[in-house]
Amino acid sequence: MTERHPVRERGATTIADRVVAKISAQAAREALGDLPAGGHPPHASVVVHRDAARISVSLELDYPTDVGRRCGAVRGRVRGRVEELVGMEVHEVSVHVERLHSPRTSPAARKGRLA
């Protein structure tokens, strides 16, 4: 009978930063739900060092909204999904709100129609 070696001794798995970024962006989309009219989906960038990640998410929100609550939901969802799917510790999730979308400033409103 052959002796079984611990997982660490059998090899290594490397997950590319861009994969962690894609998972993070998708998790942010899940936390936000619907995108603002005319808005872009969240974008994420990551820095991975060993088995730990620092994640930065850029997103757009509807106006008016509870910015703090929405950003907190994004941080929690991103951290949870990355830890669950990748098995990586998340040291930081920074959320950058790039734009607030108002019905008054939407492309339809500029043409004389409210969305």
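Placed above this text is the structure.
A short tour of the structure in this document, coming up. (Residues numbered from 1 in each chain as written. Predicted model: local features only at pLDDT ≥ 70, side-chain atom pairs only at ≥ 80, totals over all residues. Heavy atoms only, no water.)

What follows deals with helix H2 (residues 17-32). Over its 16 residues, H2 extends 23 Å from the first C-alpha to the last, a length consistent with the 22 Å expected when each residue adds 1.5 Å. Those residues of H2 that fall on the buried side of the exposure criterion are Val 20, Ala 21, Ile 23, Ser 24, Ala 25, Ala 27, Ala 28 and Leu 32. Looking at the buried residues of H2, the elements they touch are strand S1 (43-49), strand S2 (52-62) and helix H3 (67-86). Directly after H2, the chain includes Gly 33, whose backbone phi takes a positive value near 80°. (Helix = DSSP H or I, 4+ residues; strand = E, 2+ residues; numbered from the N terminus. Expected span 1.5 Å × (residues − 1). Buried < 20%, exposed > 50% of the residue type's maximum accessible area, 1.4 Å probe, protein only. Contact = heavy atoms within 4.5 Å.)

Between its first and last C-alpha, H3 extends 28 Å over 20 residues, near the 28 Å set by a 1.5 Å rise per residue. Check the buried side of H3 and you find it contacts H2, S2 and strand S3 (89-101).

Here we come to the sheet that holds S3. Ordered in space as S1-S2-S3, the three strands form an open sheet in which the pairing is mixed. In the strand order of this sheet, the two ends are held by S1 and S3, each with one partner. In this sheet, neighbouring strand axes are inclined to one another by 15° on average, regardless of whether the strands run parallel or antiparallel. Pairing geometry for S1 and S2, over seven bridges, is antiparallel. Paired with Val 47 across the two strands is Arg 54, which belongs to S2. H2 contacts S1 and S2 of the sheet and is inclined by roughly 135° relative to S1. Contacts from H3 reach S2 and S3 within the one sheet, and its direction differs from that of S3 by about 140°. (Pairing = 2+ DSSP bridges. Axes fitted to C-alpha atoms, helices over the stretch in contact; angles between N-to-C directions.)

With that settled, the discussion passes to the pattern of salt bridges. When the charged atoms of two side chains with opposite charge come close together, those side chains can pair. Per the stated rule, a full pass over the model turns up five salt bridges. Put simply, Glu 30 and Arg 77 hold a salt bridge, and the shortest N to O gap is 2.6 Å. In this pair, Glu 30 sits in helix H2 while Arg 77 sits in helix H3, placing the two residues 47 residues apart along the sequence. Taking the relative accessible area as the measure of exposure, Glu 30 reaches 32% and is therefore partly exposed. Note that Glu 30 and Arg 81 form a salt bridge whose closest N and O atoms lie 3.7 Å from each other. (Salt bridge = Lys/Arg side-chain N within 4 Å of Asp/Glu carboxyl O.)

Further remarks concern the nonpolar core. Of all hydrophobic cores here, the largest spans 23 residues; its most connected members are Ile 55, Val 57, Leu 59, Val 74, Val 78, Val 82 and Val 93. Considering each element in turn, this core owes the most residues, seven residues, to H2. (Core = buried A, V, L, I, M, F, W, Y, C linked by side-chain atoms within 4.5 Å.)

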